[in-house]
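Structure assessment
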Amino acid sequence: MVQAIVPATTANLGPGFDVLGLALNLYNTFTLSEIESGLVVEASGNGAERLSKDENNLAYIAAKRLFDETGHSVGGLRIGIDMGVPLGRGLGSSSTAIVGGLAAANELCGGQLSRQDIFALATEIEGHPDNVGPAIFGGFTICYARQEAVHAVSLKPSNNIKPVVLIPSSMLETKKARSVLPESVAMADAVFNIGRSSILVAALLEGRPDMLRDAMEDRLHQPYRAPLVPGMDLVIEALSSYSDIGVALSGAGPSILCLVARSKEAEYVELIKGVLAELGQDYAVVSLEFDLEGVTVKN
Ligand code: HSE
């Protein structure tokens, strides 16, 4: 029996569409064991009743992919899932299933594949690297592809910065949130995002919360997704007079990520709650920490 514990993630961080991501300290745990035959999926925790318990289960699909890749054959498989990451909220729950299934299956096969191999398979299954990257490597990851190969660098975000996520009760499918994006964008918008994402890297590494508002602005995906997440623009606008609060859609949404100056965390959490109440927006405000480890596997 092996266990993979996988952190939640927040991707894009505003301007870094499909490139930047952070791992957060909420976890899903995947426990895999070989059984004689068949597939048994047992899930507990928040949203467990919504998970597929058959061969469409994402952790199973990922595990099977790993077995096929390594030529390992199992009679049957039991998968236990304990959910601590809210499902379908833009906090990387699908990525946890992909990474958990791959990493646990890899351990069952004797750990033949490296983290980098798992990253490549996970990206292929997910379709983009910015959630699976931080889920595997932890911390602040920058991901890119070159000639079909994906690469990631994992960096330690400054302790001066604190993540606070605003989680709604509704869900949004990533597929739907990607379907509203344009095929091409204006050069001016591309240049705008290059500037913002470069500054964001500096802010996160140098610990410059004063840059966060500007650094998390985006023109490549959020404007198109705004109609799907009606609260997002209102919250961004309402907090825009604070240069040390950055606000962006978390992944494809519908959660909203705020990165704030850690020294003002308590004050800003109250401010954000007040803004949400004033706007009539119903989000749970959750203060988190960065996860620096990525997936951990236990035997
Ligand atoms: N970069 C992806 C997107 C993250 O915005 O569609 C989704 O999980």
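All values reported here derive from a predicted model rather than from experimental measurement.

About the thresholds
Residues numbered from 1 in each chain as written. Predicted model: local features only at pLDDT ≥ 70, side-chain atom pairs only at ≥ 80, totals over all residues. Heavy atoms only, no water. Salt bridge = Lys/Arg side-chain N within 4 Å of Asp/Glu carboxyl O. Helix = DSSP H or I, 4+ residues; strand = E, 2+ residues; numbered from the N terminus. Buried < 20%, exposed > 50% of the residue type's maximum accessible area, 1.4 Å probe, protein only. Pairing = 2+ DSSP bridges.

A short note on the pattern of salt bridges
Counted according to the given criterion, the structure contains 13 salt bridges. Residue Arg65 is joined to Glu69 by a salt bridge in which the shortest nitrogen-to-oxygen separation is 3.0 Å. Note that Arg65 and Glu69 are positioned in helix 1 (residues 58–70) at a spacing of four residues, about one turn of the helix. For Arg65, a relative accessible area of 25% translates into the label partly exposed. Bridged by salt links that share partners, the residues Lys162, Arg262, Glu265 and Glu289 form one connected network.

Details of the pairing of strand 7 (residues 161–168)
The buried fraction of strand 7 is high, at eight of eight residues. Burial along strand 7 is two-sided: the residues Ile161, Pro163, Val165 and Ile167 and Lys162, Val164, Leu166 and Pro168 are all buried. Relative to strand 9 (residues 256–261), strand 7 runs antiparallel, the two sharing six bridges. Each bridged residue has a counterpart across the sheet, and for Leu166 the counterpart in strand 9 is Ile256. Relative to strand 10 (residues 283–287), strand 7 runs antiparallel, the two being bridged by five bridges. Residue pairing across strands places Pro168 opposite Tyr283, the latter belonging to strand 10.

Everything listed here is a matter of coordinates, which is why it stays silent on function.
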